[in-house]
Amino acid sequence: MLLGIPVAGKVVNGAVQQANALCEQALGIDLIEGDEGAKGHGINLKALKEYYKAFCLNENSSEKMKLMKTRCYLMLLFGNVLFPESTGNTANFMYLRLLLDVDKVGQYSWGSTVLAMLYQSLCKSAKKDSCTFYGCALLFIWRPYLELDHEPNAKDAAIWTAKTTILRYNIVEMHHIDRVKLQFGMHQGIPDPPTDLGEWHMKRVNHQWSVQTWKEFAPEWRRMWKNCSDHVLNLPVSDIEMKPSRQYMSWYKTVTTPDIFVADPFYLIDHCRQNYIIPQQEQQLQYQQQTQYQEQTQYQYSAQQHNYQQYNPF
C-alpha cells in the first residue's frame, strides 16, 4: 500500500529453478551469472542497467521489443528497490517466469511479497551471527499511513488488517497485524503469542528443490493467504489517535529491553493520567507536537527519497 503496488492478489510463487534460456526469452539476452542451469544465480544488475540504457525504442519498435524493455525495467526495480538481495549486485531471475505475460503481472500481491521478504530479513538479522540485511528498507517509517500521496486501492484496503501468512516463493511469514492495531486506529490489547509456522519458517531457496512440485511447498499457508479476507480484524476504529493502555505498556516492558527507545514520547502513554480526557489547551499543545513530529518525519522521508533518486538505476 505504501509503495502503491497491489496487495490483494495471488501469491508470488512458482518454481525457483529456471533454465538460463528463460532470461534470453524474456529480456532478449542471457545475463545470468553462472553456467547453464546454475542454481541460485541471479541477473547481474550492473550488466542489466547497461543493457537497459542501450535498449533503444522508437515508433517502429515491435511489441516484442517493448515488452522486453518493460521486463528489464521491472527486474531493475525488483533488484534495486523491492527485492534487493544480500549480495547487492544481483536480482533473482525466478521472477522472470511471472513477467512473461505482462497482462497478468498486476494480478499478483507484490505488496505482501515485499513485506514477506523484509520480515524474513529482519528474522535473520536478529541472529547474532548475521551481519547482512536485505529487503525494501523504504518501509522503515513510523506511522507510515499518515498523508499518503496516493489513494489506496479499495480491494487492498479491505484486507490490509488481515492476520494472515504472507509468502514469496520459499518465504513464509506471518502478518501479525494484531500487534500493531494502533496504526489502524484500533485499541491495542495484549496480543496472543506469535503464530508458529513450523517447518516452513526461515526456509532457504534450495529447500524448494527437494519437493516434487512447488505447489507442495507450504500448501496450508498458501491457502490461508488465498482466504485472507476471512482473517481481517473487524474492530471499532477511533476517529482520534489511540494511545497504548497501561496494561499494554506494562506487558510490553516485560517482553522487550526496557532501555530501548522505540518512539517519540508524544506517542507513548502518560502514566500519570487515569484516562485520555485532557484539557483543551493540552489538546492543542499535543496537536502542535504531533504536527511538528509529522513534519520532521516527512522531511526525513523526503531526504531518503532524494538520496534514492540520486542513485536511481533507471
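Residue numbers restart at each chain and count upward from 1, following the sequence in its written direction. Restriction of local features to residues with pLDDT of at least 70 applies here, the model being predicted, together with a cutoff of 80 or more for giving and counting side-chain atom pairs; totals for whole chains, interfaces and linings are based on all residues. As a rule here, side-chain values cover all heavy atoms of the structure and leave hydrogens and water aside.

**So, the overall build of the protein chain**
We count a stretch as a helix when DSSP gives it H or I for four or more residues in a row; a strand needs E for two or more, and each element gets its number in order from the N terminus. A count of helical and extended segments in the protein chain gives 9 helices and 4 strands. Every one of the 314 residues in the protein chain was classed for burial, and the buried ones make up 39%. Residues are treated as being in contact if the distance between any of their heavy atoms lies within 4.5 Å. Long-range pairs, those at least 24 residues apart, make up 68% of the contacts in the protein chain between residues at least 6 apart in sequence. Values of accessible area rely on a 1.4 Å probe in the Shrake-Rupley scheme; residue burial ignores everything except the protein chains shown. Counting only carbon and sulfur atoms, one obtains 51% of the accessible surface of the protein chain, whose full area is about 18,400 Å². Between buried and exposed lies partly exposed: a residue is buried under 20% and exposed over 50% of the maximum accessible area for its type, with that area taken using a 1.4 Å probe on protein chains only.

**Here's the deal with the confidence of the model for the protein chain**
Segments scoring low in pLDDT should not have their predicted coordinates read at a detailed level. As a per-residue quantity, pLDDT reports the predictor's confidence and falls between 0 and 100. The share of residues in the protein chain with pLDDT of 70 or more is 73%, and the mean pLDDT across the chain is 79. Confidence, expressed as mean pLDDT per element, reaches its minimum in the protein chain at helix α9 (residues 280–310) with 55 and its maximum at helix α3 (residues 63–82) with 95. A low-confidence stretch, residues 36–40 stays under pLDDT 50, and its non-local contacts, those more than four residues away or across chains, total 9 contacts. Ignoring residues within four places in sequence, the model shows residues 269–283, a span with pLDDT below 50, making 18 contacts including any to other chains.

**With respect to helix α7 (residues 219–226)**
Buried within α7 are the following residues: Trp221, Arg222, Met224 and Trp225. Down the axis, α7 shows its buried residues gathered within 155° of arc, on one side only. As for α7, its buried residues are in contact with α5 (110–125), β3 (164–168) and β4 (171–175). Working note: the arc is built from the helix axis to C-beta atom directions.

**Section: the nonpolar core**
One finds Ile43, Leu48, Met75, Tyr95, Leu96, Trp110 and Trp221 to be the most contacted residues of the largest nonpolar core, which totals 61 residues. Put simply, the parts of the chain that give this core at least two residues each are α1 (21–27), α2 (45–54), α3, α4 (96–99), α5, β3, β4 and α7. Setting aside anything within four residues of it in sequence, one finds Ile43 in contact with Cys23, Leu27, Leu31, Ile32, Leu48, Met75, Asn89, Thr90, Ala91, Phe93 and Leu96. Nonpolar core, defined: a set of buried Ala, Val, Leu, Ile, Met, Phe, Trp, Tyr and Cys residues in which side-chain atoms within 4.5 Å join the residues together.

**Side note on the packing of α2 against α3**
Orientation is described by lines fitted to C-alpha atoms, with helices fitted over the stretch in contact, and by angles between N-to-C directions that extend from 0 to 180 degrees. Where α2 contacts α3, the axes come no closer than 10 Å and their chain directions differ by 145°. For the crossing formed where α2 meets α3, the hand is left-handed. For the pair α2 and α3, the contacting residues are Leu45, Leu48, Lys49, Tyr51 and Tyr52 in the first and Lys69, Cys72, Tyr73, Met75, Leu76, Gly79 and Asn80 in the second. For the contact of α2 with α3, the residue count by class is 8 nonpolar, 2 polar and 2 charged. A clockwise turn of the near helix away from the far one marks a right-handed crossing, whereas an anticlockwise turn of less than a right angle marks a left-handed crossing. Gly is placed with the polar residues, together with every amino acid not listed as nonpolar (Ala, Val, Leu, Ile, Met, Phe, Trp, Tyr, Cys and Pro) or charged (Asp, Glu, Lys and Arg).

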